[in-house]
Amino acid sequence: MELKSFDGYKFVDGGVCAAKGFKANGICCGLRHQALTEETATEQNHAANGVTDDAPKKNDLALIVSDTMCSTAAMYTTNKVKGAPIQVTKRNIADGKAQAVIVNSVNANTCNADGEEKAAAMCKLAAEALNLKDTDIIVASTGVIGQTLPIEPIAAGLPKLAEGLSYEGNSEAMHAIMTTDTREKEVAVEFTVGGKTCRLGGMLKGSGMIHPNMATTLTFLTTDCAVSSEMIRKALQAVVRVTLNRVSVDGDTSTNDMVCVLANGLAGNAEINAENADYQAFCGALHAILLNLARMCAADGEGATKLVECTVSNADNEEQAEIIAKSVITSSLFKAAMFGADANWGRIACAMGYSGAEYDVSKVDVELASKKGKIAVAKQGYGIPFSEDDAKKILLEDEIQVLISLGSGDKTVTAWGCDLTYEYVKINGDYRS
């Protein structure tokens, strides 16, 4: 899909390895979906390097490592049930410092009695392989909830994983965090801070169990810009609110969501430690990355065939517009209509009506748009005549815009979702098999 450009920011290759001093790698260590039986656990734990003839060969374990210590900050899921890696990472980066990330797919390491012990063990294993302190490691997991995480394949695979680290290893790492994702999701930009050229890159895992509520993904961001952990935290909170927090695929908020930033300062700029022009430049880079990753996430929703972008304009305030936009992109009926290229705008009106936002229905206009054109379907709260054939041509495209005007203010908010297809049910009916 085409990237949304931002003035002053140049897209570059490299993802999490685009910034100076960052290496990455990903391998298949042999983690697999497993039944909760002693036989299966024993079979997996005894596998040499975790790989057996019938095991999937997709990467499932990744490292991201900085050459030097980084300032860091993170945001986490607001789900009351939280993955064990989140608890360990919170403790490890309480000092605002980290130097590496270890992350696995297949198994979420959530709702397990030994979950924190296993997450801490992953940090220790990574630290030993990298000659770092285990408290300087961020750990994350994604995959099936409620199944014991076998540590043996991870321990066996880590020497190979660390040995293969490279400044071009972003793609291997990206593939290691994908579960039901069908596309790589990585972006990097180049920008200027204090006369120094800086880079910020990121990769995102997210296809299902995606709903606006913090970050609803695993997202890892790296930069060579020098910026304090306090300023990273402020920037993350501001930018996540208007990007990742406005994405929904299926209305489910994951237990393991995390977005983190590692900043090693190797670009040589004076450290950003106040909300000044340099801070705004950093926020702009963060916005460019996270907005594009948000769009990629929605477009690659489980089973999705279309990215659906809902823009609510002429609102009294951002909260009002955001509530309405989120309600529309989360509506199962509306999402199903988009799959069928059905211009049933009544489903939009319905989702707006139960959103909880206050607005004047008699001022609402609705249009549908894509590369094939734009068509008005409602004016001042009422349906108007339109060509169903023209509307269908517009809605058959893979990127759809729903344009809603509230006719009462000057605020605009955009949220991103996708259509609801037969494939979504198939994927989630077979998720553990």
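Located above this text is the structure these notes cover.
Since we're looking at a predicted model, the values are computed, not measured.

### Considerations on the sheet that holds strand β11 (residues 365-370)
Point 1. One open sheet holds the six strands; their spatial order is β13-β12-β11-β14-β10-β15, and the pairing between them is mixed. What marks the edges here is a single partner per strand, and that holds for β13 (382-383) and β15 (411-418).
Point 2. Here β11 pairs with strand β12 (residues 373-379) via five bridges, running antiparallel. Each bridged residue has a counterpart across the sheet, and for A369 the counterpart in β12 is K374.

### Focus on the pairing of strand β7 (residues 196-205)
Point 1. Taken across its ten residues, β7 has seven buried, putting it largely inside the fold.
Point 2. As consecutive antiparallel partners, strand β6 (residues 186-193) and β7 are separated by two residues, and within that stretch G194 has a phi angle of approximately 55 degrees, a positive value.

### Let's talk about the packing of aromatic side chains
Point 1. According to the stated counting rule, one finds two aromatic pairs in the structure shown.
Point 2. Look at Y9 and F191: their rings are 5.9 Å apart centre to centre, the planes differ by 40 degrees, and that puts the pair in the tilted class. With a gap of 182 residues between them, Y9 in the segment before β1 (10-11) and F191 in strand β6 connect regions that are remote in the sequence. Accessibility assignment for this pair places Y9 and F191 in one class, buried.
Point 3. Plain terms: the ring middles of F339 and Y422 are 5.3 Å apart, the flat faces sit at 90 degrees to each other, and that makes the pair edge-to-face. Of this pair, F339 sits in helix α9 (residues 332-339) while Y422 sits in helix α12 (residues 422-429), and the two are 83 residues apart along the sequence.
Point 4. A relative accessible area of 70% places Y422 in the exposed class.

Reading the values: rules and limits
Residues numbered from 1 in each chain as written. Predicted model: local features only at pLDDT ≥ 70, side-chain atom pairs only at ≥ 80, totals over all residues. Heavy atoms only, no water. Pairing = 2+ DSSP bridges. Helix = DSSP H or I, 4+ residues; strand = E, 2+ residues; numbered from the N terminus. Buried < 20%, exposed > 50% of the residue type's maximum accessible area, 1.4 Å probe, protein only. Phe/Tyr/Trp six-rings, centres within 6.5 Å; stacked < 30°, edge-to-face > 60°.

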